[in-house]
Amino acid sequence: MKQTWRWYGPNDPVSLADAKQAGVEGIVTALHHVPPGDIWTLAEIEKRKNEVAHLPDGSPSSMVWDVVESVFISDDIKAQVGDWRVQLDNYKQTLKNLGAANIRVVAYHTMPVLDWTRTDLRWKHHNTGLALRYDVIDMAVFDIHILGRKGASETYSDEIIELAKARFAAMANDEKAKLTHNIIAGLPGAGENWSLDDFSDRLAVWNGISDEQLRKNHVDFLSEIIPLSEEIGVRMACHPDDPPFPILGLPRIMSTKDDFQSMFDAVDLPANGMTFCTGSLGARGDNDLPELARVFGPHIHFAHLRNVKRESDDIPCSFHEDNHLEGSSNMLHVIKALLSEEARRKSSGEGAANIPMRPDHGHEMLGDIGAGGNPGYTAIGRLRGLAELRGAMLAIQEFSL
Ligand code: DNO
């Protein structure tokens with residue numbers, strides 16, 4: 001697998017020099033300053049490519065921009081509202097520009113309003129590093145008592161409703177503010193300047209839009225985008241829902257094996273692929289990750305390797321981010337399946353045999369603490385993850401294939 005590293009661009013406190021020292025070969029980045037729905041111009045893409053090719057001191061980095069994560073599909077396109085057709089044309093132009101710049105893998109996701117969601121960004125892991133965590137009760141506290149979403153109570157079990165009521169009653173104001181910030185503004189990909197009212201307005205766009213409707217809209221998107229991707233040599237990599245179960249009454253369509261199967265069946269072309277995110281899919285006990293990696297192997301255009309520890313067998317469940325080789329999923333079997341897929345591609349002479357992987361998330365630990373890295377995207381936590389994954393990949397390659 002090609003070892004890559006996410007870099008949030010020139011303002012990322014974790015620099016390209018740090019990535020270089022971590023021993024990565026490729027960079028995953030995006031034009032984070034371009035709003036969803038707008039065109040990424042070739043000039044801006046080339047500028048970023050050039051930044052990736054150089055270290056902060058100007059010397060060559062020998063790293064290339066391998067994967068775009070993500071070209072966001074705007075909520076207008078997802079919901080098919082407003083001038084979504086214009087925005088879809090812009091999306092196509094962005095893909096053409098990326099293809100012209102020789103960038104071949106583009107990740108995206110189908111989650112409305114928020115990208116990924118956690119309730120705690122600094123939870124003390126047993127190794128004393130700070131981890132990302134999702135707590136089902138905290139989510140219900142936010143949804144029912146802080147946001148006050150209409151109909152929210154109907155989307156939780158009686159037990160969760162009771163626990164949320166008691167927890168909310170015991171919460172101080174600063175705890176409520178922190179929880180709100182973590183959910184609506186704490187993570188890269190979230191709306192940094194949204195107030196609670198803005199957030200409610202954005203959720204309201206989705207009132208009455210069912211899973212079936214979002215699924216249909218996604219297939220409409222793919223029916224236009226995938227044939228173009230084939231033509232220009234770009235592979236699309238749909239990221240699973242994170243967490244992989246419904247939140248905030250929003251439609252949710254990419255959480256399970258059946259969800260991905262129906263997407264692959266709907267538009268049956270090689271460019272229609274997935275980001276195999278072990279951490280997202282792994283937050284449901286009914287997703288058997290090694291099996292999914294085997295079944296969907298040919299569709300895997302990009303891999304995120306990390307491990308979550310599910311804190312119960314329920315769906316939804318609370319979970320936290322564990323060490324990369326620990327947690328609830330068997331990472332070694334996943335790696336073995338991905339390496340087997342690469343071997344299959346090589347022996348059948350298919351292109352793109354080398355699957356780009358990145359160590360996804362990491363604890364805030366050692367020198368990360370206070371260094372201001374994006375939550376989950378600290379230097380040393382990810383360096384540890386990559387080092388463990390790299391060792392596992394080399395050992396499996398050497399001894400078991
Ligand atoms: C969590 C995140 C990201 C994010 C993707 C999809 O899973 O670290 O991978 O969800 O960029 O947009």
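Everything discussed here concerns the structure shown above.
Residues numbered from 1 in each chain as written. Predicted model: local features only at pLDDT ≥ 70, side-chain atom pairs only at ≥ 80, totals over all residues. Heavy atoms only, no water.

Some words on the overall build of the protein
For the protein, the helix and strand inventory stands at 14 helices and twelve strands. Expected size for 401 residues packed as a compact globule is a radius of gyration near 21 Å; at 20 Å, the protein falls within 12% of this value. The buried share of the protein, reckoned over its 401 residues, is 55%. Summarising the internal contacts of the protein: among those between residues at least 6 apart in sequence, 70% fall at separations of at least 24. Counting only carbon and sulfur atoms, one obtains 51% of the accessible surface of the protein, whose full area is about 16500 Å². (Helix = DSSP H or I, 4+ residues; strand = E, 2+ residues; numbered from the N terminus. Rg over C-alpha atoms; globule rule 2.2 N^0.38 Å. Buried < 20%, exposed > 50% of the residue type's maximum accessible area, 1.4 Å probe, protein only. Contact = heavy atoms within 4.5 Å. Areas by Shrake-Rupley, 256 points an atom, 1.4 Å probe, with all protein chains shown as cover.)

Here we look at the pairing of strand β3 (residues 64-69)
Within β3, five of the six residues are buried, which leaves it mostly tucked inside the rest of the structure. Bridge analysis of strand β2 (residues 26-29) against β3 gives four bridges, and the strand direction is parallel. Looking at β3, one finds that Gly 26 is bridged to Val 64. Where the polypeptide runs from β2 across helix α2 (residues 42-52) and back to β3, its parallel neighbour, the crossover connection is right-handed. In the sheet, β3 pairs with strand β4 (residues 105-109) via three bridges, with the strands oriented parallel. Its bridge partner lying in β4, Val 67 is registered against Val 105. (Pairing = 2+ DSSP bridges. Right-handed = clockwise from strand over helix to strand, strands pointing away.)

Some details on the site of the ligand
Close contacts around the ligand come from 16 residues, with Glu 69, Asp 115, Asp 242, His 361 and Tyr 377 the closest. Separating an oxygen atom of the ligand from a side-chain N or O atom of Asp 115 is a distance of 2.9 Å. For the ligand, whose accessible area on its own is 320 Å², the fraction buried by protein is 100%. When its residues are assigned to classes, the shell around the ligand shows three nonpolar, six polar and seven charged. (Near = heavy atom within 4 Å. Polar contact = N/O pair within 3.5 Å; in protein donor to acceptor, adjacent residues only side chain to side chain. Nonpolar A, V, L, I, M, F, W, Y, C, P; charged D, E, K, R; others polar.)

A look at the packing of aromatic side chains
Summed over the entire model, instances satisfying the criterion amount to eleven aromatic pairs. Between Tyr 134 and Phe 245 the ring centres are 5.7 Å apart and the planes differ by 65°, which places this aromatic pair in the edge-to-face class. Placement of Tyr 134 in strand β6 (residues 130-134) and of Phe 245 in the loop between β7 (235-239) and α10 (257-266) is noted, with a sequence separation of 111 residues between them. Looking at Phe 245, the relative accessible area reads 2%, which means it is buried. (Phe/Tyr/Trp six-rings, centres within 6.5 Å; stacked < 30°, edge-to-face > 60°.)

Some remarks on the side chain of Asp 368
Here Asp 368 is to be found in the loop between β12 (356-359) and α14 (379-399). No salt bridge is formed by the buried Asp 368. Its closest oppositely charged neighbour is Arg 382, at 7.9 Å. Engagement of the side chain of Asp 368 in a polar contact is seen with the backbone nitrogen of Ile 380, the distance being 2.8 Å. Those residues within four positions of Asp 368 in sequence are excluded, and the remaining contacts are His 363, Thr 378, Ala 379, Ile 380 and Gly 381. (Lys, Arg positive; Asp, Glu negative; His and termini not counted. Salt bridge = Lys/Arg side-chain N within 4 Å of Asp/Glu carboxyl O.)

As for the sheet that holds strand β11 (residues 319-321)
The strand order across the open sheet formed by four strands is β5-β6-β11-β10, and the pairing between neighbours is antiparallel. Edge positions in the open sheet fall to β5 (120-124) and β10 (308-310), since each of these has one partner strand only. The average undirected angle you get between the axes of adjacent strands in this sheet is 35°. (Axes fitted to C-alpha atoms, helices over the stretch in contact; angles between N-to-C directions.)

A word on helix α13 (residues 331-347)
Taking 1.5 Å per residue, 17 residues should reach 24 Å; α13 reaches 24 Å between its end C-alpha atoms and fits that length. If you check which residues of α13 are buried, you get Met 331, Val 334, Ile 335, Ala 337, Leu 338, Leu 339, Glu 341, Glu 342 and Arg 345. Where the residues of α13 are buried, they touch β8 (272-277), α11 (278-281), α12 (289-295), β9 (300-305) and α14. Just downstream of α13 lies Gly 349, where phi reads positive at about 75°. (Expected span 1.5 Å × (residues − 1).)

A word on the pattern of salt bridges
The final tally for this structure, using the stated rule, is 27 salt bridges. The partner of Lys 92 in a salt bridge is Glu 224, with the nearest N and O atoms 2.6 Å apart. In this pair, Lys 92 sits in helix α4 (residues 84-100) while Glu 224 sits in helix α9 (residues 211-232), placing the two residues 132 residues apart along the sequence. Of the residues examined, Glu 224 reaches a relative accessible area of 27% and is grouped as partly exposed. Where Lys 257 meets Glu 291, a salt bridge forms, and the shortest distance between an N and an O atom there is 2.8 Å. Of this pair, Lys 257 sits in helix α10 while Glu 291 sits in helix α12, and the two are 34 residues apart along the sequence. Through salt bridges with shared partners, one network takes in Arg 6, Glu 69, Arg 118, Asp 242, Arg 306, Glu 321, Arg 358 and Asp 360.

Description of unusual backbone geometry
Residue Ser 70 is reached from Glu 69 by a cis peptide bond, and omega for that bond is 0°. Here Ser 70 lies in the loop between β3 and α3 (75-79). Residue Pro 316 is reached from Ile 315 by a cis peptide bond, and omega for that bond is 0°. Turning to its location among the elements, Pro 316 is positioned in the loop between β10 and β11. Here the phi dihedral of Leu 366 falls at roughly 45°; this positive angle occurs in a residue that is not glycine. If you trace the backbone, Leu 366 turns up in the loop between β12 and α14.

Overview of the sheet that holds β2
Reading around the circumference, β1-β2-β3-β4-β7-β8-β9-β12 is the order of the eight strands in this closed barrel, with parallel pairing throughout. Going from strand to strand, the sheet's axes swing by 30° on average, the running direction of each strand aside. Here three bridges tie β9 to β12, and the two strands are oriented parallel to one another. When the sheet's bridge partners are listed, Ala 303 is paired in β12 with Met 357. Docked against the sheet, α2 engages β2 and β3, running at close to 125° with respect to β3. Docked against the sheet, α10 engages β4, β7 and β8, running at close to 160° with respect to β8.

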